[in-house]
Amino acid sequence: MIQDLPLPRHHIPASIEVAPKQALESRELPDLFPAGTKVYLTDVGVDSVKDFIRAVKRISDLGYAPVPHIPARRIRSRDELETRIRAYAEEAGVDDMLVIGGGLDRPAGPFTSTMEILESGLFDRYGIRDVGVAGHPEGSPDFSAATAEEALRLKRDFGERTGAHMRIVTQFGFDADEFISWSLAIREAGIGLPIHLGVAGPAKITTLIKYAAMCGVGNSVAFLKKRALALTALATTHSPEAVVGPIERHWQATLDSPVRQIHVFPFGGLVKSAEWLTERGSWPNQASSFSRDLKLQHG
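Residues numbered from 1 in each chain as written. Predicted model: local features only at pLDDT ≥ 70, side-chain atom pairs only at ≥ 80, totals over all residues. Heavy atoms only, no water.

Draft legend 1. A look at the overall build of the protein. Along the backbone of the protein there are 12 helices and 10 strands. Residues classed as buried in the protein amount to 46% of the 299 residues present. In the protein, once contacts between residues fewer than 6 apart in sequence are set aside, the share between residues at least 24 apart is 79%. (Helix = DSSP H or I, 4+ residues; strand = E, 2+ residues; numbered from the N terminus. Buried < 20%, exposed > 50% of the residue type's maximum accessible area, 1.4 Å probe, protein only. Contact = heavy atoms within 4.5 Å.)

Given below as structure tokens:
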């Protein structure tokens, strides 16, 4: 009996991150991304709950799939957590969220960790079946690698226990080999969750240094500063292909890899990242898709 061969893989798919203010105010957002694109809404504590809910709803209304952040240590009460989750689910049709620690030394409310958010029971109550959790290929100053691995194991167990579809979404970085090795080590540790690797979209080197320092990505700061030692490099635009190319080749060649896609941080602007993802083939060309749809409609 001849078995079906796996379809060839071409270009690794991608999601993208958007700030709530961009979601509310950007005139470029309509039709900028392919319909159904996962659009993560970042929460760094500067937007009101009301504005964040409005931003999630606009992303949904534009035809994208919003993935709001839930920052555990920034949530001020269980009531606030339920208000957010209920509004995202009922007003914007959200069924996918990213739960992160939240980064504060002192929690703003009763939640100190991602697991406490997951164990609240609210995701199940409001039909949230897809859940992303954070991964740190470069490590974190807040916890050891062993602690991070055990935390991921607990989150995997939560998914198996509840039927939630768990995945790991990582911080951005610039060492593709390190990211791939980390992903394979996570698999070898028996964690078994799909991994979406974070990458920076096209941006100036100086912009990336600023964001890497803000996000505490130490190895990336050192890498970028070495690049910037040449004065001409300070004004140049970083090409993400140096990172994404090796990741994509690994994804194409390794069918059992935990790496499933990339997650883009558009530090150089939404339009630049969208153009790059379309040009490289990770996103379909909107004009081509429109023409194909017309042909299908008219035979």
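And the narrative resumes.
Draft legend 2. Spatial organisation of the side chain of Glu80. Its place among the elements puts Glu80 in helix α3 (residues 78-92). There is a polar contact of 2.7 Å between the side chain of Glu80 and the side chain of Arg76. Apart from residues no more than four positions distant in its own chain, Glu80 is found in contact with Val49, Arg74 and Ile75. (Polar contact = N/O pair within 3.5 Å; in protein donor to acceptor, adjacent residues only side chain to side chain.)

Draft legend 3. Looking closely at the packing of aromatic side chains. Counted according to the given criterion, the structure contains seven aromatic pairs. With centroids separated by 4.9 Å and ring planes inclined at 70°, the aromatic side chains of Phe172 and Phe267 adopt a geometry described as edge-to-face. Here Phe172 is found in strand β6 (residues 165-172), whereas its partner Phe267 is found in the loop between β10 (259-265) and α11 (270-280), with 95 residues between them in sequence. Like Phe267, Phe172 is buried. (Phe/Tyr/Trp six-rings, centres within 6.5 Å; stacked < 30°, edge-to-face > 60°.)

Draft legend 4. A look at the pairing of β6. The buried count for β6 comes to six of eight residues, which makes it a mostly enclosed element. Note: strand β5 (residues 130-135) against β6, six bridges, orientation parallel. Considered in β6, the bridge of Gly132 is made with Arg167. Where β6 lies against strand β7 (residues 195-200), three bridges are found, and the strand directions are parallel. Its bridge partner lying in β7, Val169 is registered against His196. Crossover handedness for the path β6 to helix α7 (residues 176-188) to β7: right-handed. (Pairing = 2+ DSSP bridges. Right-handed = clockwise from strand over helix to strand, strands pointing away.)

Draft legend 5. Highlighting the environment of Lys50. Inspection of the secondary structure puts Lys50 in helix α2 (residues 49-61). Look at Lys50 and you get exposed, because its relative accessible area is 65%. Once the C-alpha coordinates of Lys50 and Thr83 are considered, the two residues, 33 residues apart in sequence, prove to be 9.9 Å apart.

Draft legend 6. Representation of unusual backbone geometry in the model. Positive phi, close to 65°, is recorded for Asp31, a residue that is not glycine. In this fold, Asp31 is placed in the loop between α1 (20-25) and β2 (38-41).

Draft legend 7. Highlighting the environment of Gly281. You can see Gly281 is positioned in the loop between α11 and α12 (286-298). The exposure class of Gly281 is partly exposed, given its relative accessible area of 31%. Considered as a pair, Gly281 and Ala14 are 267 residues apart in the sequence and their alpha carbons are 9.9 Å apart.

Draft legend 8. Quick peek at the sheet that holds strand β1 (residues 14-18). Strand order in this closed barrel of eight strands is β1-β2-β3-β4-β5-β6-β7-β10, and the pairing throughout is parallel. Between one strand axis and the next, the sheet turns by 30° as a mean value, whatever way the strands run. Lying over the sheet, α3 contacts β3 (65-71) and β4 (96-100), oriented at roughly 175° with respect to β3. (Axes fitted to C-alpha atoms, helices over the stretch in contact; angles between N-to-C directions.)

Draft legend 9. Main features of the packing of α2 against α3. Two elements in contact, α2 and α3, have axes separated by 9 Å at closest approach and are oriented at 25°. With respect to α3, the element α2 is oriented roughly parallel. Here α2 and α3 pass one another in a crossing that is right-handed. Across from Val49, Phe52, Ile53, Val56, Lys57 and Ser60 in α2, the residues of α3 making contact are Glu80, Arg84, Ala87, Tyr88, Glu91 and Ala92. (Parallel < 35°, antiparallel > 145°, perpendicular 65-115°, else oblique. Left-handed = near helix turned anticlockwise from the far one by under 90°.)

Draft legend 10. How the structure looks around helix α10 (residues 241-253). With 13 residues, α10 extends 17 Å from end C-alpha to end C-alpha; this agrees with the ideal 18 Å at 1.5 Å per step. Those residues of α10 that sit buried are Val243, Val244, Gly245, Ile247, Glu248, His250 and Trp251. (Expected span 1.5 Å × (residues − 1).)

Draft legend 11. Summary view of the side chain of Ser15. Position of Ser15 among the secondary structure elements: in strand β1. Residue Ser15 is classed as buried on the basis of its relative accessible area of 0%. Each residue touching Ser15, except ones within four places of it in the same chain, is listed here: Lys38, Tyr40, Gln261, Ile262, His263 and Val264.

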